[in-house]
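Residue-level structure breakdown
Listed below are the residues making up each chain.
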Amino acid sequence: IVYTGNASTNAITGLGFKPDLVWIQNYSSQNQTARMQDSSRGVTKSLEPAYTTNEATESGVTAFGTDGFTLGSQQGGYNSSGASYVAWCWRANGGTTASNSEGSGTSTVQANTAAGFSIVQFPNYSGDTTFGHGLTKTPNFIIAKLISGGSNWPTYHDAWSSGKACFLNKDDAEATSSHFAHSGTGNPVSATTFGMGASFAGSGAGIAFVWHSVEGFSKFGSYVGNGATDGPFIHTGFRPKLIFVKLVASAGNWWIQDVGRSTYNPLNKYIAWDSDGGEQSGLDVDFLGNGFKVRSSSGDLNSNDAIIAYGAWGDVPFKYNNTF
């Protein structure tokens, strides 16, 4: 959903559901870092996905409502007067969490198994440790962060090579990482747990946002670029509402395109999750009824022979209504 800031109490409605994760980015201004707030940690508790900063208390999202969310007077990353914002939102379990002991460590989880999304809080741990994620299938995409200690944002994605990770707050290529490499397997995920490794061990408590593909609703995978304006078509099985792309073996931003900021094909307004650089234009993509078609020869989106990871969530799913 997109909205305009007012530097005061601001009720954002029309979302169509009660969100549990709200990821807000100012796309009309430079140097306004994005914020993430979720109902597990509670309102006013924020993290900055483009930076290593610790969890902060801010008057940003002050309530999660049945049709959106309410903002306080915090400006900049939330609610500057006249500024344009986009909020990407997901529903988990209405803020209700449960203890999960399916792994070697105990996590606190709120999960939406139908939508393949959960929010997982994990405690300070030592050594390789597995934590339950509360879903019914093996995750395809995980974002993790310690809430203190100035940590990076390691991610797990099916497209990363064994034992490697890309970081949400960096445009770097994948690199060797033990954040998710449980017991040296290089594949730390299962239908019930995911593994956290040595890089976070003993460093404090953290949070993870976990997704798996759901037919007709979400899809995570990779494609190979061809370096041409007649680029690849990526079949998702639904019309995307939001996609991200990330080069795997070379540097490239986490580029985001969505139907909130671009309302017709080709979508060409993009923004980076790993940057506070504001919205740019020129990377053309068609959002189609069953996937997306790349219309740009850009290196980050379509470098010849490069493997490019993606994630997509649906607009009007063929298979489901808004029961998610």
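Quick summary incoming for the structure in this document. As the structure is a computational prediction, the values presented were derived from the model and not from experiment.

Further remarks concern the overall build of the protein. Summing up its helical and strand segments, the protein has 1 helix and 27 strands in all. For 324 residues, the compact-globule formula gives about 20 Å, and the C-alpha radius of gyration of the protein, at 18 Å, lands near that figure. With the C-alpha coordinates aligned to their principal axes, the bounding extent of the protein is approximately 50 × 50 × 40 Å. The contacts in the protein between residues at least 6 apart in sequence include a share of 63% that link residues at least 24 apart. When the accessible surface of the protein is summed, it comes to about 11600 Å², and 45% of that surface belongs to carbon and sulfur atoms. Of the side chains in the protein, 18 bear a positive and 23 a negative charge, and the two mean positions are spaced by 4 Å.

Now for the pairing of strand β22 (residues 240-247). Of all 8 residues in β22, 7 are buried, a share of seventy percent or more. Of the pairings in the sheet, the one linking β22 to strand β27 (residues 307-314) comprises 7 bridges and is antiparallel in character. Bridge pairing in β27 links I243 to A312. In terms of strand pairing, β22 meets strand β23 (residues 255-258) through 4 bridges, oriented antiparallel. In the strand pairing of β23, V245 is matched with W255.

Along the chain, the position of D276 falls in the loop between β24 (267-272) and β25 (280-288). Despite its burial, D276 remains without a salt bridge, the nearest opposite charge being carried by R35 at 8.2 Å. Engagement of the side chain of D276 in a polar contact is seen with the side chain of Y51, the distance being 2.6 Å.

With antiparallel pairing, 8 strands are arranged side by side in an open sheet as β20-β27-β22-β23-β24-β25-β26-β21. The two strands at the open ends of the sheet, each matched to only one other strand, are β20 (218-224) and β21 (233-235). Across the sheet, the mean angle separating the axes of adjacent strands is 30° when strand polarity is ignored. Pairing of β20 with β27 involves 7 bridges; the strand directions are antiparallel.

The strand order β2-β8-β7 describes an open sheet built from 3 strands, whose pairing is antiparallel. The open sheet is flanked by β2 (10-13) and β7 (61-65), the only strands paired with a single partner. Adjacent strand axes in the sheet meet at a mean angle of 15° when their direction is disregarded. Inspection of the sheet shows β7 paired to strand β8 (residues 68-71) by 4 bridges, in the antiparallel sense. Each bridged residue has a counterpart across the sheet, and for A63 the counterpart in β8 is T70.

So, about the environment of L283. Locating L283 in the fold gives a position in strand β25. L283 gets classed as buried once you look at its relative accessible area, which sits at 8%. Here L283 is in contact with W255, Q257, L267, N268, Y270, S296, S298 and L301, once residues within four sequence places are set aside.

With that settled, the discussion passes to the nonpolar core. Core analysis: the largest hydrophobic core is formed by 35 residues, its most contacted members being W23, W88, W90, F209 and W211. Mapped onto this core, the elements with two or more residues apiece are β3 (21-26), β9 (84-90), β12 (117-122), β14 (141-146), β19 (206-211), β22 and β27. Beyond its immediate chain neighbours, meaning those up to four positions away, W90 contacts F17, P19, D20, L21, W23, F117, W211, L242 and W313. If you look at the next biggest cluster of nonpolar residues, it comprises 21 residues, including Y223, W255, L267 and I308.

What follows concerns the packing of aromatic side chains. Scanning the model with the defined rule gives 30 aromatic pairs in all. Between W90 and F117, the ring centres sit 6.4 Å apart and the planes meet at 40°, which makes this aromatic pair tilted. Remark: F117 occurs in strand β12 and W90 occurs in strand β9; sequence separation between them is 27 residues. The pair W90 / F117 is uniform in exposure class, with both members buried. Ring geometry for F122 versus Y125: centroids 6.3 Å apart, planes at 65°, classification edge-to-face.

Cut-offs applied
Residues numbered from 1 in each chain as written. Predicted model: local features only at pLDDT ≥ 70, side-chain atom pairs only at ≥ 80, totals over all residues. Heavy atoms only, no water. Helix = DSSP H or I, 4+ residues; strand = E, 2+ residues; numbered from the N terminus. Rg over C-alpha atoms; globule rule 2.2 N^0.38 Å. Contact = heavy atoms within 4.5 Å. Areas by Shrake-Rupley, 256 points an atom, 1.4 Å probe, with all protein chains shown as cover. Lys, Arg positive; Asp, Glu negative; His and termini not counted. Charge placed at Lys NZ, Arg CZ, Asp CG, Glu CD. Buried < 20%, exposed > 50% of the residue type's maximum accessible area, 1.4 Å probe, protein only. Pairing = 2+ DSSP bridges. Salt bridge = Lys/Arg side-chain N within 4 Å of Asp/Glu carboxyl O. Polar contact = N/O pair within 3.5 Å; in protein donor to acceptor, adjacent residues only side chain to side chain. Axes fitted to C-alpha atoms, helices over the stretch in contact; angles between N-to-C directions. Core = buried A, V, L, I, M, F, W, Y, C linked by side-chain atoms within 4.5 Å. Phe/Tyr/Trp six-rings, centres within 6.5 Å; stacked < 30°, edge-to-face > 60°.

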